[in-house]
Structure formats: C-alpha cells, structure tokens
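# Working through the structure, step by step
For reference, the chains in residue letters:
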Amino acid sequence: MPGKVGISLPKFNRAEIGNVSAGQARTAEVDRYIYQYVHTINCTGLKLHRIFDSYIVQGLLPFTTPNSAKSSKMARELHVVILPWSAFGHIIPLVELSKALAKANIHVSFISTPKNIQRLPKIPPELQSLITMVPFPLPTSDADRLEGAEATVDIPFERMDDLKIAFDLLKQPFKQFIADQVPDWIITDFAAHWAVEVSKEYGVPLAYFSPFSAAMNVFCGSPEYLFNASPSPEVFTSRPEWVPFPSLVALKGFEAVRWHAGVYTVNRSGICDAARLAKIVAGCQVLAVRSCNEIEGEYLELHAKLTGKPVIPTGLLPPKKSKRYSGNNDVRFDWLDKQKPRSDVFVGFGSECKLSKEQVYEIAHGLELSKLPFLWALRKPSWASTDAEALPLVGGSLFHAGWGSVIETLQFGHCLVVLPLIIDQPLNARLLVEKGLAAEVERNEDGSFTGDDIAKTLRLAMVEDEGEQLRINARKAAVFFGDEKLQHDHYLGAFVDYLKNNGRKRSYS
C-alpha cells in the first residue's frame, strides 16, 4: 500500500469546481491544495486522483502553482507532455523516455487511454512525483467497431483504420489539455499529425520521437517526398536515390506491395500514414530517434540532412533487465538451467505479429529440424482452439526484427536470426544483415518459407563455422547496447540539454 503524504485535502464538490472553471477567482487555499495534489506522490487516494485527472482533462482545473518558494522552484523545471500512438511498440519506448527525463528532473505528463495505462509497468516510486499518467478515454464515432479495444494489439490488422479514426478524435481533449497546462514541450510520434496545429496555436515547441531505426526513417525520405510522391511498389525494392553510401536497406517485392498499401494509401481515417509522418516531421522543431551512433551513425547524419532539422539520438532506451527471483520453481527455468551456455535459441515474434497456422507449423518444423534446444514464447493464435493445436510437438524461439526486440536482444549479445513480417521489420532486418549482426531466413517470392529454410539459418547462426563472425559481432554489440552510462548519460544527456535550452520561453515572477 503506497504511503500517504502528510497533508489534508479539503472536499470539493462539482458545483464548487464548476464555479472555478466559470471564471470565479480561486482562493489561495484552493490553489495550494490543487498544487499539492498534482505534484505529490500518491496523494491520499485513487478516487480523488481520478476526479482531479478528469477535471484537469476537461479543462475545469487548469494546471496551477501557488505563490510559494516550492512552487517557484517547480515553475522553473521543464514540463513535457508526451502522446504516443496507441501501439505498445510506441508506448513502451516513450514510457522509458519519460523515466529518463524524470531522472533529469523534468516533469512529464504521459497521455494514453485508460486501458493502455493500466497495462503498463508501474512507475518506480522515486519517479512518481515527476511522471503523471493522464488517461484520455478513447472517443469513437462508431462504438461497436472497436468493441473496447484501445491498442493495435487488441485488433486484427484490417481494423487498424478504426483505431486511427478514434485516435484522431483525441485532438480536442488534447488541445484543451495543452491550453490548460501550456507545457514547455510536446513530444509525440507519427500518428498525432494534428499536434502540429495545437503546438503552433499555443506556442509550445514540438519534438518528434521515432521509435523506429534511423535507417527506416531515412528510407522514408524527406517530408517533401512523403507529401508529394506517388511511388509504385517497385520503387521500394532498391536503395533510395538519396542514400549516397552502400546500403542493403530496401524491400523485397512482396514486402514492397504491403508497404505501399499500408503507408501511401489514404485509409478511412482520411489521411495516409506517409502524410501523418510528413506533417509531424515538417512541423516539429527537433527529431529524437531511438538509436545511437555506434550502430547507425551514417543514417542519423543523413536523416538530419534530409529533414533539415536537428536529429538527436536518444540512445536505445532499453527496458530495465528483469531479475530472476530465487525460489522460482518454473519448469522453464529448470530446463534452461540444464542447457549449455549460449546453446539455446529464443523464439519470439512479439504481440503485434499474427502468425498464420502455416507459418507457425513451418517454424516449429524448422526448429525441430535444426536439432537446437529452444524456448518459444507464443501467444495462442485466434485460429487455435487449444495450446496444443497452436504448437505441435515443440515450443521454441526465433525473431521478427522489430526495433524494440532488436535492442532487448542485443543487450545480451545474442546472435540474431530474423524472419521479418510487418511494417518496419524488413528494413530493420536488412540493416542488421548489413551490419553483420543477423542472418535472415530465405523466403520465396510470395513471402512464404519452409521449415528447411528455418533450420538452415538457425544452424548457420548458432553452430556452424560460417556463422562465427556473426556470433563475434553480436557479443561486441552487447558492449554498447548494454552500456547504461553511454545510453543514458551521453545520449539522453544531450537530448535533455536540448529540451532545456530550446523550450517554450517563460517569464518568472
């Protein structure tokens, strides 16, 4: 049970708060208690917390500070509002960024939907006074279409347009929140293109945060290209013309067709993803990329040239490594304890990839053919009635090349075998192959693969002499992927300095 702060909060009824919002002067006592509530850890109760959050979001209670020495100090500290797209591959990195900013004494208001916030790991107690989770109920023009879903993981890929339509309806409550708070920065990713208008209206600078690799951002091109180009899928199957150095970052034919349809086609939300990204990049003051010079230096430099904006790598923002607790009798740990060091393969395709029955069975067959010990983290697919049907004979490990998973895996120096499936994963896979950090499973022209393809690539990466350099490179990469001082002090420090030196201009009384 979290400890309570030693203050006594008065009881406000809705009429009193309504009077405040109607323009009546608030007393110093009301200001003081509102301030203590908003800025203090675990202030006296969840019910009151939700009431105040609700009124703040509705604009009934502006973010205020009383006239005191403590509030004067708070007023001089930066306040950043963060709004991610409703996908956990976007939300989690921005939570990690929030924690890093809080460690630098920056106040963060993190906006997401109630269900998404409930599914997040708890903020460490020592940072709770600096990070406020702000739940925005997800509006929808057709309540039956989303059926309570609030993130991409909750819906099939073909329903993504419904989520984008609902997400765009957050513009009005977001605008009201910014009007009330008037923060020093807004940080968002590609989806909330309307944040550009809000930032300009209230004079709050906007930062674009990319949870994707710098190579993927470079592949997309400049904002002008994204706005004006009407490319055919074939364009994406070779190195972009604006990349002046050798690069493997391109798509295969079957991937290019999906990329073109998903990125450049105007969907039911009324805007294509290319235009969303272009508006954000063109309208922001700075671009922050979840990467580092050690792995993507040339792509980061080119990204700055293409956009004409400062591009600051934030470091990799790896999640904190989980600890294994003593006394854990999980049979999976017992099995792992009996294996030789670096002999096992971990197979995981994240929560966003919905593998078909054919894909699951071919992967399973390939794992069996490889004769390598493995552990497979597999959520029961929608087509499977039982766990046994989802995973016949075996359970194992493999990798889809999602950027977040790349970062988590290379922390440990694991050799990567990649089988990319959606969105940016093929581009990340080519980048990893280019850097000598991964072996990619061969595919047919239609994107299909066989168990033999899986087995061949696994054995190459894990045990055969031909894959020794891959294993050496992965161990070398772990040195900087897992270097907390490099990732936090150097990269995050540079980003924090930029925020502090270039935020909204304020006057202090």
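Residues numbered from 1 in each chain as written. Predicted model: local features only at pLDDT ≥ 70, side-chain atom pairs only at ≥ 80, totals over all residues. Heavy atoms only, no water.

### A few points about the nonpolar core
Counting residues in hydrophobic clusters, the biggest one holds 89 residues, and the most contacted among them are Phe174, Tyr208, Trp259, Leu410 and Leu432. Not counting residues within four places of it along the chain, the set of residues in contact with Leu410 comprises Leu416, Leu432, Leu437, Ala474, Ala477, Ala478 and Phe481. Judged by nonpolar contacts, the second largest core, of 36 residues, contains Ile91, Val108, Leu492 and Val496. (Core = buried A, V, L, I, M, F, W, Y, C linked by side-chain atoms within 4.5 Å. Buried < 20%, exposed > 50% of the residue type's maximum accessible area, 1.4 Å probe, protein only. Contact = heavy atoms within 4.5 Å.)

### Some words on the packing of helix 9 (residues 171–181) against helix 10 (residues 195–202)
In the contact formed by helix 9 and helix 10, the axes pass within 10 Å of each other and the chain directions differ by 25°. Here helix 9 is positioned roughly parallel relative to helix 10, judged by the angle of their axes. Of the two possible hands of crossing, helix 9 and helix 10 adopt the one that is right-handed. Where helix 9 abuts helix 10, its residues Lys171, Phe174, Lys175, Ile178 and Ala179 lie against Ala195, Glu197, Val198, Glu201 and Tyr202. Partitioning the contact of helix 9 with helix 10 into residue classes produces six nonpolar, no polar and four charged. (Axes fitted to C-alpha atoms, helices over the stretch in contact; angles between N-to-C directions. Helix = DSSP H or I, 4+ residues; strand = E, 2+ residues; numbered from the N terminus. Parallel < 35°, antiparallel > 145°, perpendicular 65-115°, else oblique. Left-handed = near helix turned anticlockwise from the far one by under 90°. Nonpolar A, V, L, I, M, F, W, Y, C, P; charged D, E, K, R; others polar.)

### Quick look at the environment of Cys220
Tracing the backbone shows Cys220 in helix 11 (residues 214–220). Ignoring sequence-local partners within four residues, the contact set of Cys220 consists of Tyr225, Leu226, Trp242, Trp259, Tyr264 and Leu277.

### As for the sheet that holds strand 7 (residues 311–313)
An order of 3-2-1-4-5-6-7 is seen for the seven strands of this open sheet, with the pairing classed as parallel. Of all strands in the sheet, those with a lone pairing partner are strand 3 (131–135) and strand 7, marking the two edges. Across the sheet, the mean angle from the axis of one strand to that of its neighbour is 25°, orientation sign disregarded. Relative to strand 6 (residues 286–289), strand 5 (residues 206–210) runs parallel, the two sharing four bridges. Across the sheet, residue Phe209 finds its bridge partner in strand 6, namely Ala288. Where helix 14 (residues 273–283) meets the sheet, it contacts strand 4 (185–188), strand 5 and strand 6, and its direction lies at approximately 130° from that of strand 5. (Pairing = 2+ DSSP bridges.)

### Some remarks on unusual backbone geometry
The phi torsion of most residues other than glycine is negative, and most of the peptide bonds are trans. Non-glycine residue Val182 carries a positive phi angle of around 45°. Inspection of the secondary structure assignment puts Val182 in the loop between helix 9 and strand 4. Val182 sits in the partly exposed class, given a relative accessible area of 29%. Located in the positive-phi region is Ala401, a residue other than glycine, with phi close to 75°. Tracing the backbone through its elements, the reader meets Ala401 in the loop between helix 18 (387–390) and helix 19 (403–410).

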